[in-house]
Amino acid sequence: MHIVQIFENRKTSTTPLIDLVIDFSLFLQNVSYPTPLMTTSSATSRRVENIGDVVEDGIAGTSQLEDVVDGDTIEEPQSGMEFNSFEELMNYYKQYAKKCGFGVMTRRTEKGDDETVRYVTLGCARGGKARNRTLNVARPRPTGKTECKAKINALKVDGKFRLTTIHNIHNHGLSPKKSRFFRCNREVSDSVKRVLDINDEAGIRMNKSFGSLVVGAGGFENLPFLEKDCRNYIDKARHLRLGKCGAGALQEYFCRMQCKNPDFFALMDLDDEGRLKNVFWADPRSREAYQYFGDVVTFDTTYLTNRYGMPFALFVGVNHHGQSILLGAGLISSEDTETFVWLFQTWLKCMGGITPKAIITDQDRAMKNAIAVVFPESRHRLCLWHILKKVPEKLSSYASYKSGMKNALLKCVYDSQSVEEFEKSWDQLITTYNLHENVWLKRLFLGWNEYDAAQRKHECFFRRLCSCQDKLKRVCRPV
C-alpha cells in the first residue's frame, strides 16, 4: 500500500556568496572551542573614532568614551548614571556595546512585589562558561564563550535605574565593524515582516525577497538583519499560517469527506487568536483497521519538504499480510510535550478510547512524556532504526569502533534469539570494549525511567553518606 504524497517538493534556493563569506568571517572571529585557553591580553572599551576599527588590546581605566550615534552622545558607563526605565537602560547599553564591538545579554534579573524589574545585570554576550552539549568528545561543538567579566549592575531607586557596579574590561577582541551581526543587534522590524509575509503568500522565494530589501536599503551593510533571520521568521510564521488556499481548503475538504461518510474524523486546534496550530484526521478505513490491527502502533514525525515546514505526524500499523497501514495523520506546529499530548488524546478519541498494547517511537523526550500521560498502560519501545542511526555519533570516538565494536554490537542486536542470549552478548560487549561508563548505552539497556531513577537513588545515597561522615567527624573531634 502506498501513501499518496500530499505536499509538493520545493527546491531550496542558493545562498548568496556574500552571506557565506559574512557567516564564515563571523565564525572565525567569534568561535572558540571549550578547551581551556590561557588568556594573555585583555581589551577594554575606549574611545572609538571609526566604526570600522577593531579594538584588539586595551588598558583598564581608560578615559570616558564619548561618541555620536544618530546625533546622540554615548558616554562610557559610570557608577551613578540613572535611566528612567529598564528599556532605556537596555537601549543605552546595546548602543554602547554596538559602538565598542561586543554583544549584550541579560545575565540576571530580580522582580519586586509588583512583578516589575528591580535589579538587573547586563553583560558581554561572551561571558559565562562553555558547556559541551554533545557526548561525542571527538567532535565538540564550537562555542563563543570566553568567561568575559564585562558587565553592569543596575538597581531601581525611586523609580529610576541607577548603575551600581561597572566592569568594562574584556578578555577577547572587540569588533565594531562586525557588531551589527551580533544576535542582540539583529532585529526584523514589523514593516519588513509584513513585506516578507506578503511575498511568501505570493510564492516569491526568500532570496528574491531579501534581495529586494538589500536594494531598497542601499546595500547589505545598511540592513540590521541577515537573510537567515528572515528565513527563521517565515519558518515560524508558517507554523501558524497555512497561507492561500491552505486552512480554508483543508476545512472545506474535511466537510466534504464528513458529508460523504460520517465516520470520517477530523479535528483542528486553534490558538488564542484563532490561528491554526495543529490538525488531525483519519478516514473510516483507518478507524476500522485499528480494531483488528491496533496491538502495536508506530508513531513518527518527519519534516516534509513542503512550503509550510510543519512536522507531518503518522500513526502506522501492520496488517495480517505484513503490510503497513495508515491509522491516522496530522500536521503539528511544534514537537513539544503539550502538542504531542493533544495529538495522542485526539487520536485516542478517534479510535474509540482503545489504547494500543505497544507503541514504537524514536528517542524523543517530548514523545516519551506525552505517552506516559496519555498511554500509561501501553508498552513504550524505541525504534531500532533510529537507535542504530545514532550509533556512529555515540560510539565512533572509541578507537575500537571500526576494529570490532560495531560488528559485535550488530551481532548482539540481530543474532540474539532469546532474552538470555541477548543479555549475555550485551554483557560481553560492554566488558570487552570497556563501555561501562557510556551513558547512552546505559540508558538504552535500562530504559530512560529506570536509569534516571537509579541515578537519583545513587545521588541520594551519596548525599546521605557525606552527611553521615560530617556528623561522625563532629562527634569524634578531639577536645
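Here the structure is a predicted model, which means the values were calculated and not measured.

When you tally the buried positions in strand E14 (residues 324-331), you get six out of eight residues, the bulk of the element. Across three bridges, the pairing between strand E11 (residues 276-282) and E14 is antiparallel. Residue pairing for E14: Trp-281 is matched across the bridge by Ala-329. Hairpin remark: strand E13 (residues 311-318) followed by E14, antiparallel, with five residues in the connecting loop; positive phi at Gly-322, about 75 degrees.

The next point concerns the sheet that holds strand E7 (residues 151-157). Sheet architecture is open: five strands sit in the order E4-E8-E7-E6-E5, paired in antiparallel fashion. Single-partner strands in this sheet number two, and they are strand E4 (82-83) and strand E5 (104-111). The pairing of E4 with strand E8 (residues 160-167) spans two bridges and is antiparallel. If you follow Glu-82 over to E8, its bridge partner there is Arg-162. Set on the sheet, helix H2 (residues 86-100) makes contact with E4, E5, strand E6 (117-124), E7 and E8; between it and E6 the angle comes to about 10 degrees.

Across all of its chains, the model carries 27 aromatic pairs by this definition. Ring plane angle 90 degrees and centroid distance 6.4 Å describe the contact between Tyr-253 and Phe-264, whose orientation is recorded as edge-to-face. Separated by eleven residues along the polypeptide, Tyr-253 in helix H6 (residues 247-260) and Phe-264 in the loop between H6 and strand E10 (265-270) bring together distant segments of the chain.

Let's shift gears to the nonpolar core. Ranked by internal contacts, the top residues of the largest apolar core, which has 28 residues, are Phe-280, Phe-299, Phe-315, Phe-344 and Trp-347. For this core, the elements supplying multiple residues, two or more each, are E11, helix H7 (284-293), strand E12 (296-303), E13, E14, helix H8 (337-350) and helix H9 (365-374). Element by element, the count of residues in this core is highest for H8, at eight residues. Cys-100, Val-120, Cys-148 and Phe-161 belong to the second-largest nonpolar core, a separate cluster that totals 25 residues.

When you line up the elements, Asn-278 lands in strand E11. At a separation of 2.8 Å, a polar atom in the side chain of Asn-278 contacts the main-chain amide nitrogen of Ser-333. For Asn-278, the contacting residues outside a window of four places in its chain are Leu-267, Met-268, Asp-269, Leu-331, Ile-332, Ser-333, Thr-339 and Trp-342.

Bringing the environment of Asn-84 into the picture now. Positionally, Asn-84 belongs in the loop between E4 and H2. In this structure, the C-alpha to C-alpha distance between Asn-84 and Gly-159, residues 75 residues apart in sequence, is 7.2 Å. Not counting residues within four places of it along the chain, the set of residues in contact with Asn-84 comprises Gly-159 and Lys-160.

At Glu-115, a residue that is not glycine, the phi angle is positive and equals roughly 65 degrees. Tracing the sequence through the fold places Glu-115 in the loop between E5 and E6. Of note, the phi angle at Glu-147 is positive, near 60 degrees, even though the residue is not glycine. Its place among the elements puts Glu-147 in the loop between E6 and E7.

Basis of the calculations
Residues numbered from 1 in each chain as written. Predicted model: local features only at pLDDT ≥ 70, side-chain atom pairs only at ≥ 80, totals over all residues. Heavy atoms only, no water. Buried < 20%, exposed > 50% of the residue type's maximum accessible area, 1.4 Å probe, protein only. Helix = DSSP H or I, 4+ residues; strand = E, 2+ residues; numbered from the N terminus. Pairing = 2+ DSSP bridges. Contact = heavy atoms within 4.5 Å. Axes fitted to C-alpha atoms, helices over the stretch in contact; angles between N-to-C directions. Phe/Tyr/Trp six-rings, centres within 6.5 Å; stacked < 30°, edge-to-face > 60°. Core = buried A, V, L, I, M, F, W, Y, C linked by side-chain atoms within 4.5 Å. Polar contact = N/O pair within 3.5 Å; in protein donor to acceptor, adjacent residues only side chain to side chain.

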